[in-house]
Amino acid sequence: MSSDNKILFGQVDASMDTDVESVASSLDVPERIDINPDNVEHGLAKLVLTLVELIRQLIEKQALRRLEGGSLTDEEIEKLGESLALLENKMQELKGVFNLSDEDLNLDLGPLGKLL
Amino acid sequence: MKASSIQNSSPLMLYGFARSADWSSEAIADLEKQPGLFGSPMSVHATMGVIACTELISSLDLPRSSEYALAYGTVIEERLSRNKPFIPCRFVTVLPSKEVLLSVLQQRTWALSTLLDQLVARQEYSLRIYWKSPHHETQAIHAHQGKSCTSPVSDLAVSKIASSIANCSFWSKDDSGTNGSLLYRGSFLIDDARLNECLGNLTTFQESYPNLSLLFLGPFPPYTYVAHAMGNLNTML
């Protein structure tokens with residue numbers, strides 16, 4: 001994809017002042033290619049996973065409270081631990097699929113600070 | 001673990017979709033012989049008349065630099081879409097496995113086929129119109145309301161030129177993002193048979209409006225049209 005073979009009519013000249021550079025570069029890397037990494041799909045995945053992570057952390061805290069309160073049998077404690085570990089593994093897997101880090105899974109709530 | 005199960009569960013980078021009818025078995029074999037953007041063999045998966053062009057990848061953490069974007073554009077343009085209808089996907093569109101890809105293909109075959117049929121003998125072009133004036137005048141123009149505002153005559157000329165190309169097009173879109181001396185940017189999906197008519201119109205307009213510079217670029221793979229026609233392709237994946 002050379003610059004020249006994309007110009008079917010006209011020529012890049014000085015009248016294009018500040019835009020000359022961007023014209024030249026856009027001929028090499030067509031600006032139409034969608035290369036925005038912060039795309040809808042990525043943004044939506046981030047939002048959903050952030051909310052799932054929030055729920056996961058709430059469930060974990062609730063489980064710990066019940067554990068400390070002594071209201072669970074040994075069998076229930078084992079099942080709960082297993083479920084939480086599975087959920088955490090699944091979250092790690094999904095973060096990998098969407099190329100998100102732990103730091104990405106958060107929402108800036110402005111004056112209220114971060115969600116997580 | 002068998003090799004086939006490794007293949008099925010490995011992530012794939014999806015380049016885009018094409019019509020099976022446009023790809024001979026020799027062309028597919030030729031494509032699959034050469035490595036893709038990230039060095040792995042490219043592969044083709046067919047379902048009900050539509051094929052997906054992919055590359056197996058070993059890591060989900062793929063580089064997204066401008067060099068790779070440029071190379072991606074080259075693969076799309078020179079190996080996948082040349083003289084053939086092709087629906088390009090966003091740079092680094094990754095699906096978790098071949099099974100997911102085939103599921104997507106099966107669910108979306110009709111929509112993909114319809115769009116591919118619209119791309120037969122049509123290609124995408126870009127028109128840019130610039131105001132030809134000394135630099136300080138252009139700065140003064142843009143200081144006014146912070147946007148392109150030359151004169152009623154120039155505005156009318158820009159509108160006439162853009163409409164003329166749009167009238168020759170199957171589809172057109174005014175792009176945003178004018179700056180400096182750039183007065184207009186637009187994308188057009190033009191029938192191959194009407195390209196010369198567009199070029200003739202541009203020649204006439206350039207002679208009629210010497211204070212404007214017209215730049216007509218292309219052909220490009222139909223990135224803009226596909227984004228318009230199918231919404232954001234990634235959201236459907």
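Throughout, a residue's number is its position along its own chain's written sequence, starting from 1. Chain letters and ligand numbers both follow the written order, the letters beginning at A and the numbers at 1. The predicted nature of this model means local features are confined to residues of pLDDT at least 70 and side-chain atom pairs, given and counted, to a pLDDT of 80 or more, with totals for whole chains, interfaces and linings taken over all residues. Side-chain numbers here rest on the full set of heavy atoms in the structure, without hydrogens or water.

## Thoughts on the packing of aromatic side chains
All names here are of chain B. Paired rings are identified among Phe, Tyr and Trp, the last through its six-membered ring, by centres lying within 6.5 Å, and are further divided according to the angle between planes into stacked (under 30 degrees), edge-to-face (over 60) and tilted (the rest). Counting across every chain of the model gives seven aromatic pairs over all chains. Summarising the aromatic geometry, the rings of Tyr125 and Phe216 are spaced 5.4 Å apart at their centres and angled 10° between planes, so their arrangement reads as stacked. Taken together, the residues span a long stretch of sequence, with Tyr125 in strand E5 (residues 122-131) and Phe216 in strand E8 (residues 212-220) at a distance of 91 residues. Side by side, Tyr125 and Phe216 carry an identical accessibility label, which is buried. An angle of 65° between the planes, with centres 5.2 Å apart, marks the rings of Trp171 and Tyr225 as edge-to-face. Strands are runs of DSSP state E lasting at least 2 residues, helices are runs of H or I lasting at least 4, and numbering of each runs from the N terminus. Summary of the burial criterion: residues with accessible area below 20% of their type's maximum are buried, those above 50% are exposed, and those between are partly exposed, where the area comes from a 1.4 Å probe applied to protein chains only.

## Here we look at the side chain of B:Thr54
Residue and element names in this part refer to chain B. Within the secondary structure layout, Thr54 lies in strand E3 (residues 50-56). Judged by relative accessible area, which is 1%, Thr54 ranks as buried. Two N or O atoms form a polar contact when they lie within 3.5 Å of each other; inside protein one atom must be a possible hydrogen donor and the other a possible acceptor, and for residues adjacent in sequence the pair counts only when both atoms belong to side chains. A polar side-chain atom of Thr54 sits 3.0 Å from a polar atom in the side chain of His45. Excluding anything up to four places from it in sequence, Thr54 contacts Leu12, Met13, Leu14, Tyr15, Pro41, Met42, Ser43, His45 and Leu101. In this analysis, two residues are considered to be in contact whenever any of their non-hydrogen atoms come within 4.5 Å of each other.

## Remarks on the nonpolar core
Here is a general trend for soluble globular proteins: nonpolar side chains tend to be buried in one another's company. Among buried residues, the Ala, Val, Leu, Ile, Met, Phe, Trp, Tyr and Cys ones that are joined through side-chain atoms within 4.5 Å form a nonpolar core. Formed by 41 residues in total, the largest nonpolar core has its most connected members in B:Tyr15, B:Phe17, B:Tyr72, B:Leu80 and B:Ile87. Elements supplying a minimum of two residues to this core: strand E1 (12-19), helix H2 (25-33), strand E2 (42-47), E3, helix H3 (66-80), strand E4 (86-95), helix H4 (98-118) and helix H8 (223-229) of chain B.

## Comments concerning the pattern of salt bridges
Should a side-chain nitrogen of Lys or Arg be within 4 Å of a carboxyl oxygen of Asp or Glu, the pair is scored as a salt bridge. Evaluation of the coordinates by the stated rule reveals eleven salt bridges over all chains. For the salt bridge of A:Arg56 with A:Glu88, the shortest nitrogen-to-oxygen distance reads 3.9 Å. In this pair, A:Arg56 is assigned in helix H2 (residues 40-69) and A:Glu88 in helix H3 (residues 74-97), connecting sequence segments 32 residues apart. Classification of A:Arg56 by relative accessible area gives buried; the value is 7%. For B:Lys173, the salt bridge goes to B:Asp175, with nearest N and O atoms at 3.1 Å. The buried category is assigned to B:Asp175, whose relative accessible area is 16%.

## Focus on the sheet that holds strand E7 (residues 182-191) of chain B
We call two strands paired when DSSP finds no fewer than two bridges between them. With antiparallel pairing, five strands are arranged side by side in an open sheet as E1(A)-E8(B)-E5(B)-E7(B)-E6(B). Every interior strand has two partners, whereas the edge strands, strand E1 (7-9) of chain A together with strand E6 (169-175) of chain B, have only one. Taken pair by pair, the neighbouring strands of this sheet meet at an average axis angle of 25°, ignoring direction. In terms of strand pairing, E5(B) meets E8(B) through seven bridges, oriented antiparallel. Here an axis means a line fitted to C-alpha atoms, over the contact stretch when the element is a helix, while the angle between two N-to-C directions is reported on a 0 to 180 degree scale.

## Thoughts on helix H7 (residues 195-208) of chain B
Given 3.6 residues to a turn, an α-helix orients residues that are three or four positions apart in the same direction. Residues and elements named next belong to chain B. Each residue after the first adds 1.5 Å to the expected span of a helix. Helix length check: H7, at 14 residues, gives a terminal C-alpha distance of 20 Å against a target of 20 Å (1.5 Å per residue), a fit within 8%. Along H7, the positions that sit buried rather than exposed are Leu195, Cys198, Leu202 and Phe205. For H7, the arc enclosing every buried residue in end-on projection is 85°, short of the 170-degree limit, so these residues lie on one face. Residues Asn196 and Glu207 are exposed on H7 and point more than 90 degrees away from its buried face. Each direction from the helix axis to a C-beta atom contributes to the arc, which is the arc of those directions.

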